[in-house]
Amino acid sequence: MSGKVRLKSNGILDEDPLTLQDIVYQYICKHLHIVSCPDEDIDEDAEKRYHLRGGIVLPNDICDRLIDTFQKQFYQKFGDKFISLFRDTNRTSLNVVHLRNSNLTNYGLEILMRHKLYSLSMWYCDKVTVESHELLALHGASLRSLELGIGSHMLQNAEPNDKEPVDFQFNCPHLRRLVLNGVVLHHRLQFAHLRDLTHLDLTSCILANFSLQALSSLPKLHTLILFNVWPIANQLHAICCLRRLRTLDISISSSGNGHGTYDLPDQTLEMLMDNLRELTHLDISGTNLAGNGVATKESCHKLNTDIPGLTSRTQRPLQFLGLYHTAHWACKRHDIPAIEIAGDANEHQILTAARYYYDRPVLLTRVLNDLYHLFRFENCKDIHTALDVVLTAMDRHLKFKHMQISGSATLFYIVKGRDRSKFGTTLRNHIIRTLLNGMEVHLNDDTMLRNGYLTLTQFQMPNDVLFEYERLIKILLHGVSKTEQEGFVQRIAIYLLNTLACQVDGRQKLFLGELGVVNTMLSLIKDRLTRSVFDDVMEVAWSTMWNVTDETAINCKRFLDGRGMEYFLRCLNVSNCTFRERDELLRNMMGLLGNVAEVKWLRPKLMTQKFIEVFAELLSSESDGIEVSYNAAGVLAHIASDGPEAWTIKEPSRGDVLVSMVNAIMRWDIKSDRNINYRSFEPILGLVRCYETPQCQHWAVWALANLTQVYPDKYCQLVEQENGIQILKELIDHPSPYEDIKKIARMVIEQCNKCPRPMLEG
């Protein structure tokens, strides 16, 4: 993950920028062929794995960093294929390996363990099975830290109903830190040989005839986490014997099932305090151990706190106290003997809870929900910590759907509530990448897609997302094609897709076509034609195809090959709808056909009596100002420019169509505002040279005149850049064009001469 979110001196909210080392590691991970080659000596059907190129030796710090960077960049591809790069322990060396959201199997884990690791952490590594626990016996002697979090089945069967204790022993004599999650612990399990153990986390473990008395043989133990371990009321005497404890967590995620409810809460907490005098961090969240805030007769004379069981700590307050969702709203009391408090009473307590509970996804999801309501209904002041908390939670728990939903909802309000210009590039990229990761993993959840799409709309398209363009397009296409018909998710996905298609270059339009954007849009249109539904999705589908076919011939072909002209005619001919009143829909369709007509080798497919009759009829359309008529004339001008021999139909005749086209042009107002965007005038300037058919020239020079008159700052420069002035001068000097054409050409030249030139930078 990136560095913590900070407010820079210039007022920009950002994370630490990438160092040169970061950039180098990211580049190597993206181009693994620099240091590796695929194996050649395995079955053809098997997945190719990597091996280190000859002559390359990678020291420990580089190997650890490569694994960390590859996970963050390509979590989808992180598995045995990549890990096989480290098979040769003579040329590679691993020390600290933290795995999350990995596809690693027992094969890959065995490669890692052969490196005599110092620290191993595994979370959401679902393909590692309980059979791998023997690796601890073989290679665990060097471990100082072992963390087996959620979804890591090294010591526990994956099936939730298969909770039979696994017979294992920790052959890790030098272990100092041990984290287990959801493992069944039995009485045969021995800890006595782990003499160096200082930190033990048994979150959600099941005590099957296992007594915490076994921990009394650990002389250095100072941290004990028993979150969601129950019942432990009968084990408190064993905990009280661990007198060196500095951190104790006996919290639970919810007391709704009766767990965490003690018969004598004040006395129980007081007993713990009297025996564990070195305690600095205590978590009793979800329990009733904070009492009801009312002193008993026995303690009222010495009570200086609203939590009776902590009376002994009023002069020596705890460094941290967890009171999140405790009974009787303990976190809202005034006199609490602790410096930091995790609770839900205010912003500071909620953010503190999030920082402390970063590896408790169920609880952390509730904390993020609290944060969401804080942003939605109040003004969260500590935006830096809030952003850091949300991004950390979502990055760490990628596979936990409810976490992603809560986090993305909170991100929406964080991003929406602040001017996007205040976000630095590194932070923007982090937010967008985190959203895409969550959406990609939970593609079939409409709520996650909706939250992600809505948050992405708060960024500047396409500039802010170009670094993840390919991934975003795939996620948007899924939202368009796989979600509920006429649902909100489909609508917002297609609007975003259209925005991205509109504002990118030709290379990216080609990519859109390759991913199937044209076929997806045609499928949407076909579905709506079948159901006689003419809605905004249909309009945007035509608009998207208009955008992706702009100067992209192969996408125009995809449109024709996908029965696009059939759907065009069906849209025109539907009699039981208000189609002809929908100016935008008609304009979008005609704009798309204008792009198709610009491709010379595709124009013969438009040369049918039915198509030409439709285009000729639309010359007289007043729909959407001049847009439909203009685009119809553009289509016919390009078709006619191929000459009389290419006009292969008898009716309507070429001469009649050209007369109708000129009549339409003469009706248009040269000052008409336009709803069109040209990136190049190459197709229009090509028609300016069509001296064999002056009517085509008429349409072309009118288009240039209109655009340079109405939008001089943009289009005068484009005319000059593409040698348009010289081409127009040649037209004026040529005998073939009639005077109306030359008059408009002079208008263009005069307008371009008046338009100021851009200043050159020194």
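Calculation criteria
Residues numbered from 1 in each chain as written. Predicted model: local features only at pLDDT ≥ 70, side-chain atom pairs only at ≥ 80, totals over all residues. Heavy atoms only, no water. UniProt positions renumbered as here; feature names shortened; annotations may be inferred. Helix = DSSP H or I, 4+ residues; strand = E, 2+ residues; numbered from the N terminus. Rg over C-alpha atoms; globule rule 2.2 N^0.38 Å. Buried < 20%, exposed > 50% of the residue type's maximum accessible area, 1.4 Å probe, protein only. Axes fitted to C-alpha atoms, helices over the stretch in contact; angles between N-to-C directions. Parallel < 35°, antiparallel > 145°, perpendicular 65-115°, else oblique. Left-handed = near helix turned anticlockwise from the far one by under 90°. Contact = heavy atoms within 4.5 Å. Nonpolar A, V, L, I, M, F, W, Y, C, P; charged D, E, K, R; others polar. Salt bridge = Lys/Arg side-chain N within 4 Å of Asp/Glu carboxyl O. Core = buried A, V, L, I, M, F, W, Y, C linked by side-chain atoms within 4.5 Å. Pairing = 2+ DSSP bridges. Patch = residues over 30% accessible without salt bridge, like charges linked within 9 Å, V, L, I, M, F, W, Y side chains within 5 Å. Areas by Shrake-Rupley, 256 points an atom, 1.4 Å probe, with all protein chains shown as cover. Phe/Tyr/Trp six-rings, centres within 6.5 Å; stacked < 30°, edge-to-face > 60°. Expected span 1.5 Å × (residues − 1).

As annotated in an unreviewed UniProt entry, the protein carries the name Protein zer-1 homolog and is attributed to Stomoxys calcitrans. You can read under Sequence similarities (unreviewed entry) in the UniProt record for the protein the words "Belongs to the zyg-11 family."

Chemist: Looking at this structure, I do not really get the overall build of the protein. What am I missing?
Modeler: A tally of regular secondary structure across the protein gives 29 helices and 16 strands. Against the globule reference of 27 Å for 762 residues, the protein gives a C-alpha radius of gyration of 35 Å, more extended than a compact globule. When its C-alpha atoms are laid out on the principal axes, the protein stretches across 110 × 65 × 60 Å. The proportion of buried residues among the 762 residues of the protein is 56%.

Chemist: Before we go on, may I ask you to explain the packing of helix α24 (residues 654–667) against helix α26 (residues 694–710) in this structure?
Modeler: Helix-helix packing is characterised by the crossing angle of the two axes and by the distance between the axes. Two elements in contact, α24 and α26, have axes whose closest approach is 9 Å; the angle formed by their N-to-C orientations is 25°. As far as their axial angle goes, α26 and α24 are roughly parallel. In terms of crossing hand, the pair formed by α24 and α26 is left-handed. Along the contact surface, α24 presents Leu658, Met661, Val662, Ile665 and Met666, while α26 presents Gln695, Cys696, His698, Trp699 and Trp702. Its residues assigned to classes, the contact of α24 with α26 shows eight nonpolar, two polar and no charged.

Chemist: Before we go on, may I ask you to explain unusual backbone geometry in this structure?
Modeler: Outside of glycine, negative phi angles account for most residues, and trans bonds account for most peptide bonds. Note the cis peptide between Met461 and Pro462, where omega equals 0°. Checked against the element boundaries, Pro462 lands in the loop between α13 (446–456) and α14 (469–482). The linkage connecting Glu651 with the following residue, Pro652, adopts the cis geometry, with an omega of -10°. Structurally, Pro652 can be placed in the loop between α23 (627–640) and α24. Here Asn228, not a glycine, exhibits a phi torsion of approximately 60°, which is positive. Structurally, Asn228 can be placed in the loop between β12 (223–225) and α6 (236–240). Note on Asn228: relative accessible area 19%, which makes it buried. Its identity as a non-glycine residue notwithstanding, Ser532 has a phi of 55°, on the positive side.

Chemist: Looking at this model, I keep getting lost on the UniProt feature "repeat: ARM" (unreviewed entry) in the protein. Mind explaining?
Modeler: The UniProt feature table records "repeat: ARM" (unreviewed entry) at residues 610–642. Secondary structure across residues 610–642 comprises 70% helix and 0% strand; the distance between its end C-alpha atoms is 19 Å.

Chemist: For this particular structure, what's the right way to read the environment of Val614?
Modeler: By the secondary structure assignment, Val614 is in helix α22 (residues 609–618). Not counting residues up to four positions away in its chain, the partners in contact with Val614 are Phe568, Leu569 and Leu572.

Chemist: For this particular structure, what's the right way to read the pattern of salt bridges?
Modeler: For side chains bearing opposite charge, pairing can occur when the charged atoms are close. A complete count under the given rule lists 30 salt bridges for this structure. Salt-bridge contacts for Lys399 lead to Asp126; the nearest nitrogen and oxygen are separated by 3.4 Å. Here Lys399 is found in the loop between α10 (383–396) and α11 (401–416), whereas its partner Asp126 is found in the loop between β6 (119–123) and α5 (134–139), with 273 residues between them in sequence. Among the residues examined, Lys399 registers a relative accessible area of 30% and is labelled partly exposed. Asp126 gets classed as partly exposed once you look at its relative accessible area, which sits at 41%. With its nearest N and O atoms 2.8 Å apart, the salt bridge here joins Glu566 to Arg563. Classification of Glu566 by relative accessible area gives partly exposed; the value is 32%.

Chemist: What is the right way to look at the nonpolar core in this model?
Modeler: Most often, soluble globular proteins keep nonpolar side chains buried together rather than apart. In this structure, Trp542, Phe559, Phe568, Phe615 and Trp699 are the most contacted members of the largest nonpolar core, which totals 161 residues. Once residues within four sequence positions are removed from consideration, Phe559 is found in contact with Val518, Leu522, Trp542, Met545, Gly564, Met565, Leu592, Leu593 and Val596.

Chemist: Just checking my understanding: could you explain the pairing of strand β8 (residues 177–180) for this structure?
Modeler: Two faces belong to every sheet, and in a regular strand the side chains alternate between them. Where strand β7 (residues 145–148) meets β8, four bridges bridge the pair, whose relative direction is parallel. For Ser145, the partnering residue across the bridge sits in β8 and is Arg177. Where β8 meets strand β10 (residues 199–201), three bridges bridge the pair, whose relative direction is parallel. What sits directly across from Leu178, in β10, is Leu200.

Chemist: So what exactly am I meant to see when it comes to a nonpolar patch on the surface here?
Modeler: Where nonpolar side chains cluster on the molecular surface, the patch consists of Leu18, Leu20, Ile23 and Val24 and spans about 390 Å² of accessible area. Following the sequence through the fold, Leu18 ends up in the loop between β2 (13–14) and α1 (20–30). Relative accessible area serves as the criterion here: at 45%, Leu18 is assigned to the partly exposed category.

Chemist: How should I be thinking about the packing of aromatic side chains in this particular structure?
Modeler: By convention here, two paired aromatic rings are described through the distance between centres and the angle between planes. Overall, the coordinates contain 21 aromatic pairs when judged by the stated rule. Between Tyr372 and Tyr413, the ring centres sit 5.5 Å apart and the planes meet at 70°, which makes this aromatic pair edge-to-face. A residue pair is termed long-range when its members are at least 10 positions apart, and Tyr372 in helix α9 (residues 361–377) and Tyr413 in helix α11 qualify at 41 residues. Accessibility expressed as a relative area gives 23% for Tyr413, which makes it partly exposed.

Chemist: Is there a simple way to think about the packing of α26 against helix α29 (residues 739–754) in this case?
Modeler: Between α26 and α29, the least distance of the axes is 9 Å, while the angle of their chain directions is 30°. It follows from the interaxial angle that α26 and α29 lie roughly parallel. Between α26 and α29 the crossing geometry is left-handed. Residues Pro694, Gln697, His698, Val701, Trp702, Leu704, Ala705, Thr708 and Gln709 of α26 lie in contact with α29, whose contacting residues are Asp740, Ile741, Ile744, Ala745, Met747, Val748, Gln751 and Cys752. Partitioned by chemical class, the residues of the contact of α26 with α29 number eleven nonpolar, five polar and one charged.

Chemist: Mind showing me how you'd approach helix α18 (residues 536–548) here?
Modeler: Along an α-helix, residues three or four apart share an orientation, since each turn contains 3.6 residues. Relative to the 18 Å expected for 13 residues at 1.5 Å per residue, α18 spans 18 Å between its end C-alpha atoms, a close match to the ideal helical length. Here α18 lies mainly inside the structure; twelve of its 13 residues are buried. Of all the residues in α18, the buried ones are Val537, Met538, Glu539, Val540, Ala541, Trp542, Ser543, Thr544, Met545, Trp546, Asn547 and Val548.

Chemist: Teacher, can you tell me more about the pairing of β7 here?
Modeler: The side-chain alternation of β7 yields two buried faces, one formed by Ser145 and Glu147 and the other by Leu146 and Leu148. By the bridge criterion, four bridges tie β6 to β7 in an arrangement that is parallel. For Leu120, the partnering residue across the bridge sits in β7 and is Leu146.

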